[in-house]
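Structural characterization, general
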Amino acid sequence: MMKIKPILGLALASTLLISCGKTNEKAAKEVAEVVTDVKKKVAIDFDHTVEQFADIKVLRYQIHGFDALTLKEQKLVYYLTQAGLAGRDMMWDQNYRHNLTIRKALENVYANYAGDKTSDNWNNFEEYLKRVWFSNGIHHHYSNAKLTPAFDQAYLETLLVATNTELKGDALAVIFNDKDVKKVNLAKGVDNVAESAVNFYGPGVTNADVESFYGKNGKMISPDTKKPLSFGLNSQLVKEAGVLKERVYKSGGLYGAAIDQIIGWLDKAQGVAENEAQGTALGLLIKYYQTGDLQTWDDYNVAWTAAVDGNIDYINSFIEVYNDPLGYRGSYETVVQIKDFDMSEKMSVVSGNAQWFEDNSPLMDEHKKKNVVGVTYKVVNVAGEAGDASPSTPIGVNLPNANWIRTAVGSKSVSLGNIIGAYANAGGSGRLKEFAHDEEEIALEEEYGQLADKLHTALHEVIGHASGQLNPGVGETRETLKNYASTLEEGRADLVGLYYLYDTKLQELGLVKDWEKVGKAAYDGYIRNGLMAQLIRLDLGDDIEEAHMRNRQWVSGWAYEQGKAENVIEKVTRDGKTYFNINDYKKLHDIFGQLLRETQRIKSEGDFNAVEALVEGYGVKVDQAIHKEVLDRNAQFKSAAYSGFVNPVLVPTTDNTGVITGFTIKQPKTFSEQMLSYAKNYSFLPAVN
Ligand SMILES: [Zn+2]
């Protein structure tokens, strides 16, 4: 609910719209669907792709900003990543009761088998193990279906014998049989608890049991009903001799051995906390892991949410509840984050000049805000992930989940900048070259595209959504503009960004060195995407439904038509291929300004007929000939359906007394290398818990 996941792991390109105040899964889907890899360039000096297998692509990312940290801050990052990894095996056991048994056996085979490694069988075994690693268990990380090996039980048994590996009974059989086929079964009309393989509930526990334990008539009652505790979040519910009881995840409880390791690292982290608020929060998290007490969990979340100063932040605990068919139990996850210093600087410059941007915008005077306040938008760079957040990662996170804390204290919403960047760069420059009109367009995109995107994001988020005001007496847009409210709002925020992207002001503010080139790259990218490239996300014959895709098309389409008489954007056909080439950037800037003025008028007046005409006229229907052409041209770029990441490895350097003096960052060469190293260094749980 509060996690923004990239759908199907397709390469992402635009950081736009990631924190548009929407955090549910549907919004997450939308966000991921609008991003596209055509806008980005290849990172010349860094290879983001590790390897590809089955439906998976494994990528790597860089920890931007790590070198800018003090040694003390670097230690904090290191301790937090170690705390995260120490709990890795909890996620495996939470996902399925046989996962650790199976993984340990498969890893032993993989490390020790000395027989034929050229056969299809072996290749299939290796691929299966990689898929299991990627999913933190034997069920697909996204579809939840049990993975099907392409080898048979007899072959696996020969490997087990050859490597002296023990794997028998249910744990062996379940790899091949039809038991526990779904990790999470949300089907209607079945007992979801009993039918889900996930290990949150012991054998024999049913939906009715869970309802009787936590429901209205159950025993779990919060002392303060206005601050309901998150019952069930950190335990397994089992039935012993017919009696339901919780096995709590805590020191001395379920997963205690791993949790003690986490506590040890958090303790070190607390010792190098950046400030008192951060230290207090870490102390409460330690106490929570020690006691499993849910009041402490809430106290921790309040403290964590309030701890906003500092360059480093983190997520660590049992958090998202998607893997529980009934939504009580949290999956273990961690993300360690470093502030994106460059982006934060840009945001603060834009925010500090918000009133100038408002005053100088093409809005009608009565629609301008007299006192505009920039929206806060936070970008961080990931330094390490574990548990449910790895290898498959979110691209943004908005926590805590408890609604009463969100209302009373607020929440933290962040975009994971280097993860988004790595997705984008892994796409390569093939699509850019296919859809760009000429060499100049390609060169501008490669040199300035990334900066243009960053600035567009900053302008869209910080001043775009903050700009403008409703006329007195006009209702909120969800009432006046109804189903078109969100596409109008996203388009309007895009237009604020577009209007100022081609403006000397950005150079005056020191945000760019060459405002014209950055502006051209931004306009090229927007038009290329809005009129053509984004259609690769759509099946032929379908209308555009998604709000952001719609706004990109109606903004681009309206601008194209508006400038047609003067050939502002030219439709070019060359060798049977269509291109859109911008001939006059200055005029396009003015057209964007006109459309911005009009969209603000629609919003301010609540003009439903106008927004309907705009969106239905330009944003919904797709030119079928162009769509077919785009899909044909795109077919050459094959991409795995899902992506995830290996983590950079932080290696401390020490003096001869063992004191940490610095860190080197190593990138894993292969996925297997990292998985085997994690198994070796962070296996703190027995196979059966
Ligand atoms: Zn937005």
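If you're wondering where the values come from, they're calculated on a predicted model, not measured in any experiment. (Residues numbered from 1 in each chain as written. Predicted model: local features only at pLDDT ≥ 70, side-chain atom pairs only at ≥ 80, totals over all residues. Heavy atoms only, no water.)

1. Considerations on the overall build of the protein
- Scanning the protein from terminus to terminus reveals 27 helices and 15 strands.
- For 689 residues, the compact-globule formula gives about 26 Å, and the C-alpha radius of gyration of the protein, at 26 Å, lands near that figure.
- On the principal axes, the C-alpha backbone points of the protein span a range of 80 × 65 × 60 Å.
- Here the protein holds 689 residues, and 59% of them are scored as buried.
- A separation of at least 24 residues holds for 73% of the contacts in the protein among residues at least 6 apart in sequence.
- In the structure as shown, the protein presents an accessible area of about 27100 Å², 49% of it carried by carbon and sulfur atoms.
- Taken as two groups, the 74 positive and 92 negative side-chain charges of the protein have centres that lie 2 Å from each other. (Helix = DSSP H or I, 4+ residues; strand = E, 2+ residues; numbered from the N terminus. Rg over C-alpha atoms; globule rule 2.2 N^0.38 Å. Buried < 20%, exposed > 50% of the residue type's maximum accessible area, 1.4 Å probe, protein only. Contact = heavy atoms within 4.5 Å. Areas by Shrake-Rupley, 256 points an atom, 1.4 Å probe, with all protein chains shown as cover. Lys, Arg positive; Asp, Glu negative; His and termini not counted. Charge placed at Lys NZ, Arg CZ, Asp CG, Glu CD.)

2. Some details on helix H20 (residues 485-501)
- Along its 17 residues, H20 runs 24 Å from first to last C-alpha, staying within 8% of the 24 Å computed at 1.5 Å per residue.
- The buried fraction of H20 is high, at 16 of 17 residues. (Expected span 1.5 Å × (residues − 1).)

3. A word on the packing of aromatic side chains
- Overall, the coordinates contain 39 aromatic pairs when judged by the stated rule.
- With a centroid separation of 4.9 Å and 35 degrees between ring planes, the pair formed by tyrosine 288 and tryptophan 297 is classed as tilted.
- Judged by its relative accessible area of 8%, tryptophan 297 falls in the buried class.
- Here the aromatic cluster, defined as three or more aromatic residues joined through ring pairs, consists of Phe53, Tyr110, Tyr113, Trp122, Phe125, Tyr128, Trp133, Phe134, Phe151, Tyr155, Phe176 and Phe671. (Phe/Tyr/Trp six-rings, centres within 6.5 Å; stacked < 30°, edge-to-face > 60°.)

4. Thoughts on the pairing of strand E11 (residues 569-574)
- Where E11 meets strand E12 (residues 577-582), 6 bridges bridge the pair, whose relative direction is antiparallel. Looking at E12, one finds that glutamate 570 is bridged to asparagine 581.
- Counting the residues in the hairpin turn of E11 and E12 gives 2 residues, including aspartate 575, whose phi is positive at 50 degrees. (Pairing = 2+ DSSP bridges.)

5. With respect to the packing of helix H23 (residues 547-562) against helix H25 (residues 608-620)
- Where H23 contacts H25, the axes come no closer than 7 Å and their chain directions differ by 90 degrees. Taken as axis vectors, H23 and H25 run roughly perpendicular relative to one another. Within the contact between the two elements, H23 uses Arg550, Gln553, Trp554, Gly557, Trp558 and Glu561 and H25 uses Leu614, Val615, Tyr618, Gly619 and Val620.
- Looking at the contact of H23 with H25 residue by residue, the class counts come to 6 nonpolar, 3 polar and 2 charged. (Axes fitted to C-alpha atoms, helices over the stretch in contact; angles between N-to-C directions. Parallel < 35°, antiparallel > 145°, perpendicular 65-115°, else oblique. Nonpolar A, V, L, I, M, F, W, Y, C, P; charged D, E, K, R; others polar.)

6. A short note on unusual backbone geometry
- Here the bond from serine 390 into proline 391 is cis, since omega is -5 degrees, no more than 30 degrees from zero.
- If you trace the backbone, proline 391 turns up in the loop between strand E8 (378-387) and strand E9 (396-399).
- Between leucine 399 and the following residue, proline 400, the backbone shows a cis peptide bond with an omega angle of 5 degrees.
- Along the chain, proline 400 turns up in the loop between E9 and helix H15 (403-408).
- A positive phi angle, close to 65 degrees, is found at tyrosine 255, a residue other than glycine.
- Note that tyrosine 255 resides in the loop between strand E5 (243-248) and helix H10 (256-271).

7. Structural notes on the packing of helix H5 (residues 120-135) against helix H6 (residues 153-162)
- Closest axis-to-axis distance for the H5/H6 pair is 11 Å, and the angle between their directions is 85 degrees. Comparing their axes, H6 and H5 come out roughly perpendicular. Between H5, through Asn121, Trp122 and Phe125, and H6, the contact on the second element is made entirely by Tyr155, Leu156 and Leu159.
- Of the residues in the contact of H5 with H6, the class split is 5 nonpolar, 1 polar and no charged.

8. A word on the confidence of the model for the protein
- Across the protein, pLDDT averages 91, with 93% of residues at or above 70.
- Contacts from residues 6-19, a stretch scored under 50 in pLDDT, to residues over four places away or in other chains number 76 contacts.
- Low pLDDT (under 50) marks residues 21-44, which in the prediction has 85 contacts with non-local residues, meaning those over four places away or in another chain. (pLDDT = per-residue confidence, 0-100.)

9. Looking at the pairing of E5
- The sheet contact formed by strand E4 (residues 235-240) and E5 spans 6 bridges and is antiparallel. Counted as the bridge partner of serine 235 is valine 248 from E5.
- Where E4 folds back on E5, the antiparallel hairpin that results is connected by 2 residues, among which alanine 241 adopts a positive phi of roughly 50 degrees.

10. Structural notes on the pattern of salt bridges
- Summed over the entire model, instances satisfying the criterion amount to 32 salt bridges.
- With a shortest N-O distance of 2.7 Å, glutamate 441 and arginine 528 are connected by a salt bridge. One end of the pair, glutamate 441, is in helix H18 (residues 439-464); the other, arginine 528, is in helix H22 (residues 515-531), and 87 residues separate them in sequence.
- A residue is classified by how much of its surface remains accessible, and glutamate 441, at 4% relative accessible area, is buried.
- In this structure, aspartate 607 engages arginine 601 in a salt bridge whose closest nitrogen and oxygen atoms are separated by 3.1 Å.
- It is possible to trace a salt-bridge network through shared partners that takes in Arg88, Asp89, Arg103 and Glu107. (Salt bridge = Lys/Arg side-chain N within 4 Å of Asp/Glu carboxyl O.)

11. Some words on the sheet that holds strand E13 (residues 642-646)
- Reading across from one edge, E2-E3-E13 is the order of the 3 strands in this open sheet, with mixed pairing throughout. One side of each edge strand has no neighbouring strand; the edge strands of this open sheet are strand E2 (49-53) and E13. On average, adjacent strands in this sheet sit at an angle of 25 degrees to one another, irrespective of strand direction.
- Relative to strand E3 (residues 56-60), E2 is paired through 4 bridges, and the arrangement is antiparallel. By the bridge assignment for E3, glutamine 52 is matched with lysine 57.
- Contacting E2, E3 and E13, H5 crosses the sheet at an angle of about 115 degrees to E2.
- Strand contacts of helix H27 (residues 671-681): E2, E3 and E13, with the helix running at about 95 degrees to E2, the strand carrying the most contacts.

12. Observations concerning the environment of serine 351
- Mapping serine 351 onto the fold places it in helix H13 (residues 341-352).
- When the C-alpha positions of serine 351 and methionine 532 are compared, they lie 32 Å apart, and in sequence the two are 181 residues distant.
- Apart from the residues within four sequence positions on either side, serine 351 is in contact with Gly374 and Val462.

13. Describing the nonpolar core
- Ranked by internal contacts, the top residues of the largest apolar core, which has 119 residues, are Phe125 and Leu156.
- Among the elements that make up this core, the one with the highest residue count is helix H2 (residues 71-86) (8 residues).
- Ignoring any residue separated from it by four or fewer positions in sequence, one finds leucine 156 in contact with Leu106, Phe125, Phe151, Leu167, Leu172, Ile175 and Phe176.
- Membership of the second largest hydrophobic core comes to 71 residues, among which are Ile463, Leu535, Ile544 and Val568. (Core = buried A, V, L, I, M, F, W, Y, C linked by side-chain atoms within 4.5 Å.)

14. Some words on helix H11 (residues 276-291)
- Across its 16 residues, H11 extends 22 Å between first and last C-alpha, which sits within 8% of the 22 Å expected from 1.5 Å per residue.
- The set of residues buried in H11 consists of Gln278, Gly279, Ala281, Leu282, Leu284, Leu285, Ile286, Tyr288 and Tyr289.
- Buried residues in H11 make contact with H2, H10, helix H12 (294-306), strand E6 (312-320) and strand E7 (331-339).
- Two to three positions downstream of the cap, the backbone nitrogen of alanine 277 sits 3.3 Å from a side-chain oxygen, assigning the N-cap of H11 to asparagine 275.
- Looking one or two residues beyond H11, the residue adopting positive phi is glycine 292, at roughly 70 degrees. (Polar contact = N/O pair within 3.5 Å; in protein donor to acceptor, adjacent residues only side chain to side chain.)

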